[in-house]
Structure formats: structure tokens, C-alpha cells
Amino acid sequence: MGSDGRSTPRVVIVGLDGASLELLNPWISEGLLPNLARLIERGVSGGLESVIPPLTTPAWTTAVTGVPPADHGVLNFARPRFGRSNLDFFNALDRRVPALWDFLGAAGKRSLVLHLPAAHPPFEIDGALISGIPLTDIRSDCTYPKSLRDELIANIPGYKLYPNTRKLKGERDAYFEDAVATLRTHVEEALFLMRREAWDMLFTVWQPGDSLMHFFWKDMDGRSGVEARRNYIRDYYREADAGIGRIVEEAGDDATVIVMSDHGHTGVHGAVYLNKWLVENGYMDFRTTFRQGLELLLLKVQRKFRRRFVKRRKFKEDEDQMTQIAARLLEKLEQGIRWSSTKAHAEPPGYIWICTKDRYPLGIVEPGEEYLRVREEIREGLAGLIDPDTGDPVFEAVLTKDQAFDGPAAADAPDLVVMCRAGFITEYGLRRNFVVGPSQGARFNGYHVMKGLFVAAGPELQKGTTIEGSRILDIAPTILHLLNLPVPPAMKGSVLADAFVDGAIARRPVRIEKVPVKFTPSSKGEVERESIEQSLRDLGYM
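Residues numbered from 1 in each chain as written. Predicted model: local features only at pLDDT ≥ 70, side-chain atom pairs only at ≥ 80, totals over all residues. Heavy atoms only, no water.

1. Observations concerning helix H1 (residues 21-29)
Rules: For the exposure calls, accessible area comes from a 1.4 Å probe over protein chains only, and a residue counts as buried if that area is under 20% of its type's maximum, exposed if over 50%, partly exposed in between. Put simply, DSSP H or I for four residues or longer makes a helix, DSSP E for two residues or longer makes a strand, and each gets a number counted from the N terminus. The arc refers to the directions leading from the helix axis to the C-beta atoms. Every residue pair with non-hydrogen atoms within 4.5 Å of one another is taken to be in contact.
Looking only at H1, the buried set comprises Leu 21, Leu 23, Leu 24, Trp 27 and Ile 28. Each buried residue of H1 lies within a common arc of 150° when the element is viewed along its axis, so the set occupies one face. Contact partners of the buried residues in H1: helix H2 (34-41), strand E2 (44-49), helix H8 (208-220), helix H9 (232-251) and strand E17 (451-457).

Structure below.
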């Protein structure tokens, strides 16, 4: 049963994007996060291993599918362009496998899926859906059913999908206030739907905390010297904790509650300029003529002028013109890459692409033996990069495509992936006079690490227990088992058996069964390319 008659319990998942116990534990100990503390006391807790690399859209898609990115197909925010000028983004159309709500729907159960990254354009499910980042514009087609957007706007004062990312450019304090206000509307939205809809699973992702850790970490650790901002991240999580408490109360005592993240964060003190290294070592040819440089400078001045001086009443017109300017900037920058003499280039998040003749219109590297030789040369060279302050390698690993992406979507995967040592970030510009150096001027002052957050409490789970070895791969099969549903054999994660009370799995064994589902990854609607591009640039992902 489910939905209407409650013979099976509900499962609530609250996603705190980018959080970890390492970050939250001091505030828990101080009594500042009482609701999370109660869940830890009456449940299980520990770290949660992310995907490689630990990036928002691939990781959350793994959480709801139980398979790695090379299987589900969502590998990044932006798709590889292979030297072409078109810019496009991974979205729900790229997901190759069924997700939790598909299996619940096949069993007659209903799902509330709120702000899941890369769930755009919105698609039909048994329940309700709200698209998450990179879609941030409330004017977009962002809900299923379509009428839900206007209902939320009408019933929740100040409702929005995401904070105004433009405030990250010079209005940091206002951005923090907007992030907290957005979080509050997302709590109200969840409660509104929990009370109105029949549901068996609530899966809501609270994403603004990730951006706060990217841009305010140096305020939290004192490096910036701006004392007024020191507690911004802490105060955001105090607000999130209050929201968790309200949702737990609404769900009832028989519900299992999972609080999780897609990855963790740490402070950034060093940067590695990948394209600078590729240029210096002869793998990338980047040159601009005097005219191109002048045009680029003028476009940058125009962009800054419009950001600062265009009146708010012309917001939509300005947004459209800003997107056009950004596209022209990108075009001018790429004109500086001499593709006819470039063997490789780098793009976020630490992806390196070999310019083979079969993928790039002007590619110069032959597939096969030459490709493998160039890839290995670059891998060895990057693996040898050293932190000048400590003498330690700056990368934990430099992985080949075969090592990082083993699955049907590997054709869209990069040829190499660099995994930074904690405290370092990859950058892509060419203006610095060093390859490895301080992070001043880098996109972020806090960045992702592999270890995220897992806390769960419910009738079948252990109490006050720390568990180790949990992976984001294991979230989907564990949720299915909690709902007394079989786990499809295609899922590569496992049910987190250590989280359950002794004998629970023996009394109700995990069922591994093929489940026929109606898999429709997307419905009608267009991907909001322009607003997505602007948001990703503001957030530092492009």
C-alpha cells in the first residue's frame, strides 16, 4: 500500500548540498543544531563518499539512480563542445536510467521531488516535481504539474527557485540574506506539499549552502578579516536545522528521515592553472591578435558597465543583453585557441580533453597509439606538479577516462580527470605567471571534497551509531528497501545494511529483482540555456 493507506512508512530525504559532519559537528556540540543532533542521537551517522569528481549534478543524479555518472550519463554542468562554439548543458534528457520516482510510481507510490539538480526541463512523475540548479529563474518552466509554479508563488510569500546569483558580484551581504530567504521558502514549499499531496517519498535538496561555502569560507575561517561575515555559513545551517525540525515533525514518528549531502567542502589556499601548464608544455596553442585583445577588453568593460549601471526596471532586457555579451566574450576567448596546433585543453571541474581528429573539427591527435601517448605524457606531467610551499603533490590522483568513467556514457567523458589535494582548486585562465600558486583571484575560496554527510533515523535503524563506508551510490537502494520495494540488479549501490537494527535485514531480506518501469526522463519544454549559462557563470562553474 502507501500514499493513501499507511501500511508502509514514508521516507524523507533532506539534501544539504555540500555539507559534512566535519563542518557541522562543532555547531552540533555547541547546541546550535538541535534537530540534527536529535537525529544523530536516535539514528546513524557518518561520512558519505561522493562520485568522481565530487560535483553537484552527477552526484545527486547518482543518489537517485544508484549508478555512477558513466552509467546515468550526467557528467558535468556543461556538455563537452569538442572545439565547437555551441554551448549546451546536461539535463534530465541526458539521464539514461530510471530513478527512484520511476520505481515508486511502478509500485503505486507517490514522490515529491524538490530542487533536484539537473531535473530540467520538468518531467511527469507520480507526484510533484520542482527543477533544481542550474535552473534558477522562477519565470522558467520549472514544475510538474505546470500549474504548481503559480500555486507556490501564490501561497508562499517571496517564493523563488534560487538566490539572485548576480548579487555575488559586489553584493555579498545581500546574497547571504537572499540565500537564507530562499531556504525559508523551500521549507514552506515542502510543508505545503506534504500537507496537500498524498506522498510516500519526499526528496528535497537545499542547494544555496553550497554557494555560501564557495564564496564565504574565507570569511568563516577568518582569512578575509571581514568579521561581520564570519558566521554566515553557521547561521545558514541554523536556519536549515530549524527547517529539518519542522519537516521531521510533519512527517511523523513512523517516517524514516535521511539528511545527506552530495559532497563536502574545505577551504582553498592554492590554485593550479591547468591550461597554463598545457600552454607551457606545448600541448595548447593560445594566441590573440592585437585586435582580438582590444575587442575582448571592450566587451569586458561593456559587461561591467551594464552590471553596475543599468536600472532594475530594465532587468529582463539587461539580462538578455548580458547573456549575448557573455557569449561574445566566450567566442573571443576561444578565438585565441589555435585548434589546428592544440593537442589538449582543460575545462571545469578538472577535466582534460585530448583533441583527437575523430572528435574535434580541427583535431590533430590521431586516435589510438598517438592518443594514448599524449594522454600518458600529460598524466605523468600533471601528477608531478608540486606545492611549492610543502613539496607535496597538488593532486591526489590524475585519472584516465578508463579509471574514472567505466560505463556506457564514457564517450562523453573527459580523457583525464585531476583530483586536487584538499586545499587546492583547478583554474583555467592564462594570465597568471605561475602554474601552481596562491588562490587569490580564484573562482572559489571553498571547494568540494569527496566526503559528504549521512544521517538517518527511523523505526528500523540503529540508534546513536556511527557507520563507515557509506557511498552516495548506496542511497537509492537503501531508500527502496526502506519502502519495502525491490532493488533492481542494474543498481551498483548496495543497501546500507549496517544502518539497520540487528536482525532487520534477516527478517526482511533485500530483494534484488528486475522492475518494469515506465521510464520517461523528460516531457515537453525547452532547456533554459540563456538563464542557465548566466547562473553558472555567476556561481563560478564556468
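2. Description of helix H13 (residues 369-383)
Basically, it comes down to this: Residue count minus one, scaled by 1.5 Å, sets the expected span of a helix.
Here H13 spans 21 Å end to end across 15 residues, near enough to the 21 Å set by a 1.5 Å rise per residue. Buried within H13 are the following residues: Tyr 371, Val 374, Arg 375, Ile 378 and Leu 382. Here the buried residues of H13 occupy an arc of 100° about the axis, which is enough to place them on one side.

3. Describing the pairing of strand E6 (residues 201-206)
Our working definition: The criterion for strand pairing is that DSSP finds at least two bridges linking the strands in question.
Burial runs high along E6: six of the six residues are buried. Burial along E6 is two-sided: Met 201, Phe 203 and Val 205 and Leu 202, Thr 204 and Trp 206, pointing in opposite directions, are all buried. Pairing of strand E1 (residues 11-16) with E6, which is carried by six bridges, proceeds in the parallel orientation. Residue Ile 13 lies in a different strand from E6, and its bridge partner there is Phe 203. Both strand E3 (residues 111-116) and E6 contribute to a ladder of four bridges, which runs parallel. Across the sheet, residue Leu 114 finds its bridge partner in E6, namely Thr 204.

4. Overview of the side chain of Asn 76
In plain terms, the rule: Side-chain atoms alone can form a polar contact between residues adjacent in sequence; in general such a contact is a pair of N or O atoms within 3.5 Å, and within protein one must be able to donate a hydrogen while the other accepts it.
Looking at the secondary structure, you find Asn 76 in the loop between helix H4 (69-72) and helix H5 (100-106). Separated by 3.0 Å, the side chain of Asn 76 and the backbone oxygen of Pro 348 make a polar contact. Among residues more than four places away in sequence, those in contact with Asn 76 are Leu 55, Thr 57, Pro 58, Phe 90, Pro 348, Pro 349 and Tyr 351.

5. Concerning the confidence of the model for the protein chain
Operational definition: Predictor confidence is given residue by residue as pLDDT, running from a minimum of 0 to a maximum of 100.
Within the protein chain, residue pLDDT values average 87, and 84% of them lie at 70 or more. With pLDDT under 50 throughout, residues 310-332 is counted as low confidence; its partners more than four residues away or in other chains account for 39 contacts. Here residues 522-526 scores under 50 on pLDDT; set against residues more than four positions off or in separate chains, the count is 12 contacts.

6. Describing the packing of aromatic side chains
Aromatic rings in a pair are described by how distant their centres are and how their planes are angled relative to each other. Rule in force here: To pair, rings of Phe, Tyr and Trp, with the six-membered ring standing in for Trp, must have centres within 6.5 Å; the planes then decide the type, stacked if under 30 degrees apart, edge-to-face if over 60, and tilted in the middle. Sitting over a ring, as applied to charges here, requires NZ of Lys or CZ of Arg to be within 6 Å of the ring centre and within 35 degrees of the ring normal.
Going through the model one piece at a time under the given rule, you end up with 13 aromatic pairs. Their ring planes at 10° and their centres at 5.6 Å tell us that Phe 444 and Tyr 447 sit as a pair that is stacked. Taken together, the ring pairs connect Trp 27, Tyr 236 and Tyr 237 into an aromatic cluster. The side chain of Arg 10 reaches across the aromatic face of Trp 199, ending 4.3 Å from its centre. Over the ring of Phe 123 we find Arg 95; its NZ or CZ atom is 5.5 Å from the centre of that ring.

7. Things to note about the packing of H1 against H2
Rules: Axes, fitted as lines to C-alpha atoms, cover a helix only where it is in contact. Angles between the N-to-C directions of the axes lie from 0 to 180 degrees. Angles below 35 degrees are treated as roughly parallel, those above 145 as roughly antiparallel, those between 65 and 115 as roughly perpendicular, and all remaining angles as oblique.
Relative orientation of the contacting elements H1 and H2 amounts to 105°, with a least axis distance of 10 Å. Between H1 and H2, the crossing angle belongs to the class labelled roughly perpendicular. Here Leu 21, Leu 24 and Ile 28 of H1 come into contact with H2, specifically with Leu 36, Ala 37 and Ile 40.

8. A word on the environment of Ala 271
For Ala 271, the position within the fold is in strand E9 (residues 270-273). In this structure, the C-alpha to C-alpha distance between Ala 271 and Gly 441, residues 170 residues apart in sequence, is 9.3 Å. In this view, Ala 271 contacts Phe 424, Ile 425, Glu 427, Val 435, Val 436, Gly 437, Pro 438 and Ser 439; residues no more than four positions away in its chain are not counted.

9. Looking at the sheet that holds strand E13 (residues 416-420)
In space, the four strands of this open sheet follow the order E10-E11-E13-E12, with antiparallel pairing throughout. Looking at the sheet topology across the chains shown, the edges are occupied by strand E10 (344-347) and strand E12 (395-400). In this sheet, neighbouring strand axes are inclined to one another by 20° on average, regardless of whether the strands run parallel or antiparallel. As defined by bridge partners, E12 adjoins E13 across five bridges and the pair is classed as antiparallel. Paired with Phe 395 across the strands is Cys 420, a residue of E13.

10. What about the pattern of salt bridges?
Cut-off, in case you're wondering: Salt-bridge detection follows one rule: a side-chain nitrogen of Lys or Arg within 4 Å of a carboxyl oxygen of Asp or Glu.
Per the stated rule, a full pass over the model turns up 30 salt bridges. The salt bridge involving Asp 71 is made with Lys 492; its shortest N-O contact spans 2.9 Å. Of this pair, Asp 71 sits in helix H4 while Lys 492 sits in the loop between helix H15 (475-482) and helix H16 (504-507); the two residues are 421 residues apart in sequence, bridging distant segments of the chain. In this structure, the salt-bridge partner of Arg 373 is Glu 377, at a minimum N-O distance of 3.1 Å. Separated by four residues within a single helix, Arg 373 and Glu 377 lie in helix H13, roughly one turn from each other. Since its relative accessible area comes to 40%, Arg 373 is described here as partly exposed. Connected through shared salt-bridge partners, Arg 110, Glu 151, Arg 196 and Glu 197 make up one network.

11. Quick look at the sheet that holds E9
Judged by pairing direction, the sheet is mixed, and its three strands sit side by side in the order E14-E9-E15 without closing on themselves. Single-partner strands in this sheet number two, and they are strand E14 (424-427) and strand E15 (436-438). If you compare each strand with its neighbour and ignore which way they point, the axes differ by 35° on average. Sheet topology places E9 next to E14; four bridges connect them, and they run parallel. Bridge assignment links Tyr 273 to a residue of E14, and that residue is Glu 427.

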